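The residues making up each chain are set out below.
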Amino acid sequence: MTTLRLAPPASTTLARMTSLALPLLFIAMWSSGYVVGKLAVPHAGPFTLLAIRFGLAAFVLLVVALAARAPWPASRKQFGHLVVVGLLIQALQFSGLYTALKLGVSAGESALIVGTMPVLTALGAAFVFGERLGGKQWLGMAGGVAGVVLVVWHKLGTGSAGAGAYAAAVVALAGVTLGTLYQKKFCAGMDLRTGGFVQLAVATLVALPLSLYLEGFDVRWTPAMVFASGWLAVVNSIGATSLLFLMMRKGEASKVASLFYLIPGVTALMAFAVLGETLTALALAGFLVTAGAVYLCTRAR
């Protein structure tokens, strides 16, 4: 007797494709910000660039939210939660990162420090949400850190930073880690349009005074700067961050955070293709290690 195997429903197939496409798209979009940011830095001060990026993104989301009549936070408490997430994920993370780079921390050292974010997020998720990781997932966490070290190894020690500069990088790490956990706990049901606007508006209010005081809002509107401003605002501040929030809403915090292991490797590949930067065999090996680590973190039970 022949057994007929029914094909999975179209909805199931679509859900599987979406579950694969969203992480890949997020990694590509988030990684592109480092490459495009490097194109823009010669034409604007770091905090000026952040003020433009956050302000333009906030304006775009405001227009979209008003046109779509998107729901706004229903209470001051919900509004306050969005403000906290904006301060942590947007303002604190990127202000700390740009300050560290400005004070002499190398790009590789910054990537390594922020690259420990999945481990801290997993520990935080265990305490806050009761998420439990098995042995294979902890092995994946360790492998992810090791892979990031391989990717950025040739850039380590190339900076000229003091303790304060590295403290700024740690502040960036704290911002993205705490912001991710806080968003998961308090803002999981937020509307991505109005919620994103509130967060980016708050970040603009932080970056703009810093750019005026420290840099005199130093910007030169070259074609590269115009392109970079639009890309960083729409693709990174709106697109990549919205995907992060969407995946956090659908999955476990520790598994989503593990995707950050792949960002240094993908950034290295993009920098090789776009900026002509050197791509070492060790970096390629690190990329493969981080890919395996992410698989363990997201698939192991």
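Residues numbered from 1 in each chain as written. Predicted model: local features only at pLDDT ≥ 70, side-chain atom pairs only at ≥ 80, totals over all residues. Heavy atoms only, no water.

Engineer: What should I look at first to understand the overall build of the protein chain in this one?
Structural biologist: From N to C terminus, the protein chain includes twelve helices and zero strands. For 301 residues, the compact-globule estimate of 2.2 N^0.38 gives 19 Å, and the C-alpha radius of gyration of the protein chain, at 20 Å, lies within 12% of that figure. Expressed along its principal axes, the backbone C-alpha trace of the protein chain runs to roughly 80 × 50 × 40 Å. Long-range pairs, those at least 24 residues apart, make up 90% of the contacts in the protein chain with a sequence separation of at least 6. Carbon and sulfur atoms make up 72% of the accessible area of the protein chain, which totals about 14300 Å². Here the protein chain carries 20 positive and 7 negative side-chain charges, and the mean point of each set is 13 Å from the other. (Helix = DSSP H or I, 4+ residues; strand = E, 2+ residues; numbered from the N terminus. Rg over C-alpha atoms; globule rule 2.2 N^0.38 Å. Contact = heavy atoms within 4.5 Å. Areas by Shrake-Rupley, 256 points an atom, 1.4 Å probe, with all protein chains shown as cover. Lys, Arg positive; Asp, Glu negative; His and termini not counted. Charge placed at Lys NZ, Arg CZ, Asp CG, Glu CD.)

Engineer: Teacher, can you tell me more about the packing of helix α3 (residues 76–102) against helix α8 (residues 192–215) here?
Structural biologist: In helix packing, the relevant descriptors are the interaxial angle and the interaxial distance, both defined with respect to the helix axes. One can describe the packing of α3 onto α8 by two numbers: an axis separation of 7 Å at closest approach and a directional angle of 35 degrees. Crossing hand, α3 versus α8: right-handed. When α3 is examined against α8, the residues Phe79, Leu82, Val83, Val85, Gly86, Leu87, Gln90, Ala91, Ser95 and Lys102 are found in contact with a partner set consisting of Gly195, Val198, Gln199, Leu200, Val202, Ala203, Val206, Leu210 and Glu215. Classifying every residue of the contact of α3 with α8 by side-chain character gives twelve nonpolar, five polar and two charged. (Axes fitted to C-alpha atoms, helices over the stretch in contact; angles between N-to-C directions. Left-handed = near helix turned anticlockwise from the far one by under 90°. Nonpolar A, V, L, I, M, F, W, Y, C, P; charged D, E, K, R; others polar.)

Engineer: Mind showing me how you'd approach the packing of aromatic side chains here?
Structural biologist: The tally for this structure, following the rule as stated, stands at eight aromatic pairs. Each ring, one from phenylalanine 26 and one from tryptophan 30, has its centre 5.4 Å from the other, and the planes form 50 degrees; the classification is tilted. Here the residue phenylalanine 26 and the residue tryptophan 30 both occupy positions in helix α1 (residues 10–40), the gap between them amounting to four residues, near one helical turn. When sorted by exposure, phenylalanine 26 lands in the same class as tryptophan 30, which is buried. One aromatic cluster is present, built from ring pairs that chain together Phe26, Trp30, Phe54, Phe94 and Phe260. Positioned over the ring face of phenylalanine 94 is arginine 53, at 4.5 Å from the centre of the ring. Between the NZ or CZ atom of lysine 185 and the centre of the ring of phenylalanine 186, over which it lies, the distance is 5.6 Å. (Phe/Tyr/Trp six-rings, centres within 6.5 Å; stacked < 30°, edge-to-face > 60°. Buried < 20%, exposed > 50% of the residue type's maximum accessible area, 1.4 Å probe, protein only. Lys NZ or Arg CZ within 6 Å of the ring centre and 35° of its normal.)

Engineer: How should I be thinking about the nonpolar core in this particular structure?
Structural biologist: Nonpolar side chains tend to gather and get buried jointly when the protein is soluble and globular. In this structure, Phe26, Trp30 and Phe260 are the most contacted members of the largest nonpolar core, which totals 71 residues. Ranked by the residues each element gives to this core, the list is headed by helix α9 (residues 223–250), at twelve residues. Those residues in contact with tryptophan 30 that lie beyond four places of it in its chain are Gln93, Phe94, Asn236, Ala240, Thr241, Leu244, Phe260 and Ile263. (Core = buried A, V, L, I, M, F, W, Y, C linked by side-chain atoms within 4.5 Å.)

Engineer: Where do I start with the layout of surface pockets in this structure?
Structural biologist: Leftover empty space is mapped by rolling, across the atoms, a probe with the size of a water molecule. For the largest pocket, the calculated volume is near 840 Å³. As for the largest pocket, its lining consists of 36 residues, of which Tyr34, Val35, Leu101, Ala107 and Thr267 are closest to the centre. Among the elements of the structure, α1, α2 (46–68), α3, α4 (107–114), α6 (135–152), α9 and α11 (262–274) are those that each provide at least two residues to the lining of the largest pocket. Class assignment of the residues belonging to the lining of the largest pocket gives a composition of 20 nonpolar, eleven polar and five charged. (1 Å grid on protein atoms, 1.4 Å probe; cavity = no way out; pocket = protein on both sides within 12 Å on 5 of 7 lines; lining within 4 Å. Points joined across faces, edges and corners; volume = space filled by probe spheres on them.)

Engineer: I'm lost on α11 in this one. Help?
Structural biologist: Counting along an α-helix, one turn takes 3.6 residues, and residues three or four places apart therefore face a common direction. Under the 1.5 Å per step criterion, the end-to-end length of α11 is 18 Å for 13 residues, consistent within 8% with the ideal 18 Å. Buried within α11 we find Leu262, Ile263, Pro264, Gly265, Val266, Thr267 and Ala271. Just past α11, the residue glycine 276 takes up positive phi, approximately 75 degrees. (Expected span 1.5 Å × (residues − 1).)

Engineer: Teacher, can you tell me more about the pattern of salt bridges here?
Structural biologist: Note that side chains of opposite charge can pair when their charged atoms are close. By the definition in use, this model includes three salt bridges. Salt-bridge contacts for glutamate 277 lead to lysine 38; the nearest nitrogen and oxygen are separated by 2.5 Å. Of this pair, glutamate 277 sits in the loop between α11 and α12 (281–299) while lysine 38 sits in helix α1; the two residues are 239 residues apart in sequence, bridging distant segments of the chain. Between arginine 220 and aspartate 218 there is a salt bridge, with the nearest N and O atoms lying 3.0 Å from each other. In this structure arginine 220 comes out as partly exposed when scored by relative accessible area, which is 38%. Given a relative accessible area of 31%, aspartate 218 falls into the partly exposed group. (Salt bridge = Lys/Arg side-chain N within 4 Å of Asp/Glu carboxyl O.)

Engineer: Please clarify how a nonpolar patch on the surface should be interpreted in this entry.
Structural biologist: A contiguous nonpolar surface patch, about 360 Å² in accessible area, is contributed by Leu39, Phe227, Trp231 and Val274. Take leucine 39: it is sitting in helix α1. By relative accessible area, which is 33% here, leucine 39 ends up partly exposed. (Patch = residues over 30% accessible without salt bridge, like charges linked within 9 Å, V, L, I, M, F, W, Y side chains within 5 Å.)

Engineer: How do you make sense of the packing of helix α5 (residues 117–128) against helix α7 (residues 163–186) when you look at a structure like this?
Structural biologist: The geometry of α5 relative to α7 is characterised by a closest axis approach of 10 Å and an angle of 35 degrees between their N-to-C directions. As for how α5 packs across α7, the hand of that crossing is right-handed. On α7, the residues that touch Met117, Leu120, Thr121, Gly124, Ala125 and Val128 of α5 are Leu173, Val176, Thr177, Thr180, Leu181 and Lys185. Here the residues of the contact of α5 with α7 sort into seven nonpolar, four polar and one charged.

Engineer: It is not clear to me how the environment of phenylalanine 127 should be interpreted in this structure. Could you clarify?
Structural biologist: For phenylalanine 127, the position within the fold is in helix α5. When the C-alpha atoms of phenylalanine 127 and alanine 253 are compared, they prove to be 12 Å apart, with 126 residues separating the residues in sequence.

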